[in-house]
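# Residue-level structure breakdown
Here are the chains, one letter per residue:
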Amino acid sequence: MSDNVIKTTDSAFEDDVLKSELPVLVDFWAEWCGPCKQVAPFLDALAEEKAASLKVVKLNIDENPNVPGRYGVRGIPTLMLFKDGQIQASKIGAMPKSKLYEWVDSSL
C-alpha cells in the first residue's frame, strides 16, 4: 500500500474523511475480497499522483462495521468520493484504472 493511502477506522472516520480540507476517496474493502485487491494498485497510483488535491482512504469493513452501515455499503469494493463532508459520488465494484481516473476527475 502506498504511503499516501490512509487506513482509517470507525472512530477516526470523521477526522480523516468528513473534516478533510481536501476531497477524499474512500475505499470500503475487506481482506477476502478479490475485486478489492484488483483495484488496490490503481488506488495507490491515484493517491501518489493526486496527493496535492485528493486524499485516498481505505476502511476495512470487517474491522469497522459502523461507518459502512451508516452509508449503506452493501457490496465491496465500494468507492465513495466525499467533498466538504458530503458524498459527491459512489461506485460499487472494481474498474479499470482509466475508468477510475475518469470517474474521479468527473466527480471532483
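Residues numbered from 1 in each chain as written. Predicted model: local features only at pLDDT ≥ 70, side-chain atom pairs only at ≥ 80, totals over all residues. Heavy atoms only, no water.

On the UniProt side, "active site" (unreviewed entry) is annotated at positions that read Cys33 and Cys36 here. As for its placement among the helices and strands, Cys33 is situated in the loop between strand E2 (24-29) and helix H2 (34-49). A relative accessible area of 3% places Cys33 in the buried class. With near-sequence residues (within four places) excluded, Cys33 lies in contact with Ile76 and Pro77. Tracing the backbone shows Cys36 in helix H2. In this view, Cys36 contacts Trp29, Ala30, Ile76 and Pro77; residues no more than four positions away in its chain are not counted. (UniProt positions renumbered as here; feature names shortened; annotations may be inferred. Helix = DSSP H or I, 4+ residues; strand = E, 2+ residues; numbered from the N terminus. Buried < 20%, exposed > 50% of the residue type's maximum accessible area, 1.4 Å probe, protein only. Contact = heavy atoms within 4.5 Å.)

Burial within strand E3 (residues 55-60) is extensive, with 6 of its 6 residues counted as buried. Residues Lys55, Val57 and Leu59 point to one face of E3 and Val56, Lys58 and Asn60 to the other, with burial holding for every one of them. Two elements, E2 and E3, share 6 bridges in a ladder whose sense is parallel. Looking across to E3, one finds that Phe28 is bridged to Leu59. A crossover connection joins E2 to the parallel E3 through H2; in handedness this β-α-β unit is right-handed. (Pairing = 2+ DSSP bridges. Right-handed = clockwise from strand over helix to strand, strands pointing away.)

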